[in-house]
Amino acid sequence: MSGALAKPVMRGMLAKRLRFHLIAAFSLAIGIAATFKFAVAEPRKRAYAEFYKKYDAAKEFEAMREAGVFVSARPTGK
Amino acid sequence: MFPFSALRVGSLLTRRGIIASGTFRTAHHGHEVAKQEDMSLPMYWDRTDTPLPDIPFQRKLGAEQQGLKQKEKSSWKNLTNEEKIALYRIMFNQSYAEMKKPTNEWKTVLGGIFIFIGVTGLIIWWQKVFMYPQRPHTFDENWQAMQAQRMIDMRMSPVQGFSSKWDYEKKQWKK
């Protein structure tokens with residue numbers, strides 16, 4: 001025989017593939033979820049909290065009324 | 001639906017196997033191309049995921065090949081390399097290297113894709129000239145400005161969206 005070949009892998013192929021892909025899948029899934037949480041969800045929650053800390057609904061209403069967007073509450077004045 | 005399409009893919013592949021045997025170079029000959037394959041009998045095909053097809057490639061062996069098959073029955077150490085290759089070619093049509101050879105088919109596919117995108121572009125151009133109605137007046141600069149002002153007045157998306165970018169004190173866009 002000219003140059004005997006190495007014996008190919010005969011068993012355990014699924015297990016090997018599963019091991020790699022399971023670790024990869026879980027890490028990717030958790031990583032992406034964490035990234036989304038800290039890049040999107042938390043800043044959004046903070047933005048809303050900040051906005052409503054100083055929010056005065058009545059003042060905003062008067063401003064909108066003066067701008068003329070309401071039908072039943074027309075701007076005050078002549 | 002899915003099993004049916006798998007069948008059609010299978011028959012496409014056998015056709016390729018048959019045509020490949022008829023048109024490919026190399027020394028072997030004798031595999032019929034003209035007559036219709038009997039699908040109820042085991043078939044030969046070159047597939048990378050089926051290393052050992054159901055039947056050998058050459059069914060009808062010439063005198064020389066039959067002699068070779070007899071020789072194969074004794075010790076294989078007596079076979080020369082050429083004889084071993086000849087025996088291989090009796091069993092198989094294409095080697096894995098030949099099967100996996102790149103085909104340049106991708107160029108055809110890509111070219112076809114671009115052609116059809118081009119045709120679509122021409123159709124859309126014709127539509128623009130001959131079919132589409134006038135642009136709605138609500139797209140005018142002036143109208144869009146008035147629209148944006150109204151959105152700001154209404155405080156649309158004041159937290160993270162549209163109105164959050166407007167500075168209500170200075171009456172301008174936030175820097």
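Worth saying up front: this structure is predicted, and the values here are computed from it rather than measured. (Residues numbered from 1 in each chain as written. Chains lettered and ligands numbered in written order. Predicted model: local features only at pLDDT ≥ 70, side-chain atom pairs only at ≥ 80, totals over all residues. Heavy atoms only, no water.)

Student: Any chance you could explain the interface of chain B and chain A here in plain terms?
Tutor: Counting from both sides, the interface comprises 7 residues of chain B and, opposite them, 10 residues of chain A. Both faces combined, the contact of chain B with chain A buries some 850 Å², and carbon together with sulfur accounts for 60% of it. Looking only at chain B, the three residues that lose the most surface to chain A are Arg155(B), Val159(B) and Gln160(B), adding up to 59% of its buried area. Summed over the shared surface of chain B and chain A, the result is 1 salt bridge. Note that Arg155(B) is salt-bridged to Glu60(A), the shortest N-O span being 2.9 Å. (Contact = heavy atoms within 4.5 Å. Buried area = accessible area lost by both parts, 1.4 Å probe. Salt bridge = Lys/Arg side-chain N within 4 Å of Asp/Glu carboxyl O.)

Student: I'm lost on the UniProt feature "transmembrane region" (unreviewed entry) in chain B in this one. Help?
Tutor: Per the UniProt record, "transmembrane region" (unreviewed entry) is annotated on residues 108–126 of chain B. Along residues 108–126 of chain B the backbone is 100% helical and 0% strand, and the end-to-end C-alpha distance reaches 27 Å. (UniProt positions renumbered as here; feature names shortened; annotations may be inferred. Helix = DSSP H or I, 4+ residues; strand = E, 2+ residues; numbered from the N terminus.)

Student: Whenever I open this one, a nonpolar patch on the surface confuses me. Can you help?
Tutor: Residues and elements named next belong to chain B. Together, Leu122, Ile124, Trp125, Trp126, Val129, Phe130, Met131 and Tyr132 make up an exposed nonpolar region whose accessible area comes to about 950 Å². As for its placement among the helices and strands, tyrosine 132 is situated in the loop between helix H5 (105–130) and helix H6 (141–153). Owing to a relative accessible area of 42%, tyrosine 132 belongs among the partly exposed residues under this scheme. (Patch = residues over 30% accessible without salt bridge, like charges linked within 9 Å, V, L, I, M, F, W, Y side chains within 5 Å. Areas by Shrake-Rupley, 256 points an atom, 1.4 Å probe, with all protein chains shown as cover. Buried < 20%, exposed > 50% of the residue type's maximum accessible area, 1.4 Å probe, protein only.)

Student: Looking at this model, I keep getting lost on helix H3 (residues 81–91) of chain B. Mind explaining?
Tutor: Think of an α-helix as 3.6 residues a turn; residues three or four steps apart then line up on the same face. Residues and elements named next belong to chain B. Along H3, the residues that are buried comprise Glu83, Leu87, Arg89 and Ile90. Projected onto a plane normal to the axis of H3, the buried residues spread over an arc of 160° and lie on a single side. On the buried face of H3, the contacting elements are helix H2 (63–73) and helix H4 (96–99). (Arc of directions from axis to C-beta.)

Student: Would you mind going over the pattern of salt bridges with me for this structure?
Tutor: Where charged atoms of side chains with opposite charge meet at close range, the side chains can pair. This structure, assessed with the given rule, holds 10 salt bridges over all chains. The residue Arg65(A) makes a salt bridge to Glu62(A) at a minimum N-O spacing of 3.7 Å. Of this pair, Arg65(A) and Glu62(A) are both found in helix H2 (residues 57–67), 3 residues apart, which corresponds to roughly one turn of the helix. A relative accessible area of 36% places Glu62(A) in the partly exposed class. Among the ionic pairs, Asp49(B) bridges to Arg47(B), the shortest N-O distance being 2.7 Å. For Asp49(B), a relative accessible area of 52% corresponds to the exposed category. On the basis of relative accessible area, Arg47(B) is assigned to the partly exposed category, the value being 25%.

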